[in-house]
Amino acid sequence: MFVLAMRSIRQRPGRFLATLLSAFLGAAVIMTFNSMHDTAGRPGVDPVSAETLRTAAGVVGGYGTLLVFFAVASTLTVNVRQRAAELELLRCSGATPAQLKRMVVGEAAVVALVGAALAVVPAVLGGRLLLEVFRDSGQVAGSVDHSFGVIALMSGIDITLLASAGAAFLALRRATRGRRRHGRARSFLAYGALAAGTAAVCSTFAFSATDGALMAPPAYGAILLSVGLALMAPRLLEGVLGRLAPGGASGWLAVRNLRQRAGDLAGILMSLILFTAVSTATLTMQAVESDAVAASGLVKSVDAKNLETLNFTVVGIIVVFVCVMLVNSLYAATTYRGREFGQQRLAGATPGQVLGVVGAEGLVLTVVGLLFGTLAALAGIVPFTVVRGDAVLPEQVFGVWAAVASIGAAATLGTSLATARRVLRTPAVRAVAATA
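Everything numeric in this text was worked out from a predicted model, so none of it was measured.

The rules behind these values
Residues numbered from 1 in each chain as written. Predicted model: local features only at pLDDT ≥ 70, side-chain atom pairs only at ≥ 80, totals over all residues. Heavy atoms only, no water. Helix = DSSP H or I, 4+ residues; strand = E, 2+ residues; numbered from the N terminus. Buried < 20%, exposed > 50% of the residue type's maximum accessible area, 1.4 Å probe, protein only. Contact = heavy atoms within 4.5 Å. Areas by Shrake-Rupley, 256 points an atom, 1.4 Å probe, with all protein chains shown as cover. Patch = residues over 30% accessible without salt bridge, like charges linked within 9 Å, V, L, I, M, F, W, Y side chains within 5 Å. Salt bridge = Lys/Arg side-chain N within 4 Å of Asp/Glu carboxyl O. Polar contact = N/O pair within 3.5 Å; in protein donor to acceptor, adjacent residues only side chain to side chain. Expected span 1.5 Å × (residues − 1). Core = buried A, V, L, I, M, F, W, Y, C linked by side-chain atoms within 4.5 Å. Domains from an automatic or database assignment. Axes fitted to C-alpha atoms, helices over the stretch in contact; angles between N-to-C directions. Parallel < 35°, antiparallel > 145°, perpendicular 65-115°, else oblique. Left-handed = near helix turned anticlockwise from the far one by under 90°. Nonpolar A, V, L, I, M, F, W, Y, C, P; charged D, E, K, R; others polar.

A. Region of interest: the overall build of the protein. Regarding its fold elements, the protein presents 17 helices and 0 strands. Residue burial in the protein is summarised as follows: out of 436 residues, 49% are buried. For the protein, long-range pairs separated by at least 24 residues make up 84% of all intrachain contacts whose partners lie at least 6 apart in sequence. Counting only carbon and sulfur atoms, one obtains 66% of the accessible surface of the protein, whose full area is about 19800 Å².

In structure tokens, the structure reads:
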């Protein structure tokens, strides 16, 4: 099966580009931040600098691991679904389910290793730049030199490899075993995340305004709530679509398509919810905290600077990964609809009408993702603001939310329409015949 996996990659490398990009970015992030562990372990590094470097590596490295898994899983899920006919043909030709799993997991492992190898040089450069940021802010002594060693290299390779293999196994298992059992597990995890997030958010009121750990409960609570809502993405989308009364042919067809593909679009909606919630909550709470410290006339401590740097870094990583996940998933899903677009055009629809339907679909997805992501973010922002100050809803949230919403909408609508326009360049008859 390994030989078959290599042959599949060589024959159609284009289908693995999205997975390769996700693995490359994930390995680069993991290696970049875990190189801080190598740097902290160098002889002569003072304890304060070492603690700062290890904290950055631990926190962002953990986020990076989760993001690698979700990014690779989203692309592999689309890949496996689009190859359903090919996998079924192999099964009918005598391949066992275990052999198919080894083939798909083997493909993911090979792609992950290539992505990790390509990420080494960017990770070395990224680690140096990150250390410069810590030096310039005074969080790390200027005498500390960057080191890229065994911890960075092995963590990047091991985590990327395990995440890719695990994501491939789960994607294939879901495709072959159906959605009922998977839906029960998803519901259990979703309700667990919502319960834990609610508890974390409520615990914010047990802290005082000057407590150094005040931001942690609402931030983690908002993240857990967004994870719970993201896991419920298909159900949320179906609930919203059931209450829509679209006008015009494009709107009606868009809602109909979304209802039929609600499960397939879950990954896209999950990305939007997580991106909106984590970015809005983290950046807003950090802005409130910074303004409160500035108003008091106090100087930020080293711990406060570390937290601020980590917050901005985590959000930056999330923005990059979510955009990659959105672009990869939307590109793959829209490209796969070439036959559908061809049939619509043969039935009398113009290219402009097809683009109108795609745009309406993207708009609905964007609105739903922003809506539930904002609710999760506000669940953390409001308790934090009430305890930290005397307001319920901080004024900083409006500017942050506008920026987050603009990025999410641009990634979703821009990718959908650009890819659909590219697919529509193929003549309708050829598109239908090529995928029939």
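B. Quick look at a nonpolar patch on the surface. Together, Phe 205, Val 386, Val 392, Leu 393 and Phe 398 give the surface a local cluster of nonpolar side chains, amounting to about 480 Å² of exposed area. Here Phe 398 is to be found in helix α16 (residues 396-423).

C. View of the environment of Gly 369. By the secondary structure assignment, Gly 369 is in helix α15 (residues 351-388). Taking the C-alpha atoms as reference, Gly 369 lies 7.6 Å from Thr 276; in sequence the two are 93 residues apart.

D. Region of the structure containing the side chain of His 146. Secondary-structure assignment places His 146 in the loop between α6 (120-136) and α7 (150-177). Exposure remark for His 146: the relative accessible area of 17% places this residue in the buried category. Among the polar contacts listed, one links the side chain of His 146 to the side chain of Ser 35, at a separation of 3.1 Å. Once residues within four sequence positions are removed from consideration, His 146 is found in contact with Ser 35, Met 36, Thr 39, Arg 42, Val 124, Gly 127, Arg 128, Leu 131 and Arg 135.

E. Structural detail: helix α12 (residues 266-296). With 31 residues, α12 should cover 45 Å at 1.5 Å per step; its first-to-last C-alpha distance of 45 Å lies within 8% of that length. Among the 31 residues that make up α12, 22 are buried, leaving the element largely enclosed by the rest of the structure. Directly beyond the C-terminal end of α12, a positive phi value near 80° is found at Gly 297.

F. View of the environment of Val 80. Its location among the elements puts Val 80 in helix α3 (residues 47-82). Judged by its relative accessible area of 3%, Val 80 is buried. Between the C-alpha atom of Val 80 and that of Ala 168, which follows or precedes it by 88 residues, the distance is 8.4 Å.

G. Region of interest: the pattern of salt bridges. Tallied over the entire structure, the rule returns 3 salt bridges. Put simply, Arg 135 and Asp 145 hold a salt bridge, and the shortest N to O gap is 3.6 Å. Placement of Arg 135 in helix α6 and of Asp 145 in the loop between α6 and α7 is noted, with a sequence separation of 10 residues between them. Residue classification places Asp 145 among the partly exposed residues on the basis of a relative accessible area of 42%. Between Glu 289 and Arg 388 there is a salt bridge, and its shortest N-O distance comes to 2.7 Å. With Glu 289 in helix α12 and Arg 388 in helix α15, this pair connects stretches of sequence that are 99 residues apart.

H. Highlighting the side chain of Ser 416. Tracing the chain through its elements places Ser 416 in helix α16. Here Ser 416 falls in the buried class, since its relative accessible area comes to 5%. Here Ser 416 is in contact with Leu 330, Thr 334 and Val 358, once residues within four sequence places are set aside.

I. Structural detail: the nonpolar core. With 61 residues, the main nonpolar core has Leu 53, Phe 134, Leu 229, Leu 237 and Ile 273 as its most contacted residues. Three or more residues apiece are contributed to this core by two domains, here domain 1 (1-177) and domain 2 (183-435). Excluding residues within four positions of it along the chain, Leu 229 makes contact with Leu 194, Leu 236, Ile 273, Phe 372 and Ala 376.

J. Focus on the packing of α12 against α16. At a closest axis distance of 9 Å, the pairing of α12 and α16 adopts a crossing angle of 155°. Looking at the two axes, α12 sits roughly antiparallel to α16. Judged by the sense of rotation from one axis to the other, the crossing of α12 with α16 is right-handed. Contacts between α12 and α16 involve Leu 272, Phe 275, Thr 276, Ser 279, Thr 280, Leu 283, Thr 284, Ala 287, Val 288 and Asp 291 from the first element and Gln 396, Val 397, Val 400, Trp 401, Val 404, Ile 407, Gly 408 and Thr 412 from the second. A class-by-class count of the residues in the contact of α12 with α16 yields 10 nonpolar, 7 polar and 1 charged.

K. Here's a closer look at the packing of helix α9 (residues 216-231) against α12. In contact at an axis separation of 8 Å, α9 and α12 are set at 165° when each is read in the N-to-C sense. Considering their axes alone, α9 and α12 lie roughly antiparallel with respect to each other. Classified by chirality, the crossing of α12 by α9 is right-handed. Residues Pro 218, Ala 219, Ala 222, Ile 223, Ser 226, Val 227, Leu 229, Ala 230 and Leu 231 of α9 form the contact with α12, whose participating residues are Met 270, Ile 273, Leu 274, Ala 277, Val 278, Ala 281 and Met 285. Looking at the contact of α9 with α12, its residues break down into 15 nonpolar, 1 polar and no charged.

L. Molecular detail of α9. Over its 16 residues, α9 runs 22 Å from end to end, which matches the ideal 22 Å to within 8%, given 1.5 Å per residue. The element α9 is largely enclosed, with a buried count of 12 among its 16 residues. Turning to α9, its buried residues are Pro 217, Pro 218, Ala 219, Gly 221, Ala 222, Ile 223, Leu 225, Ser 226, Gly 228, Leu 229, Ala 230 and Leu 231.

Geometric values such as these leave the question of function open.
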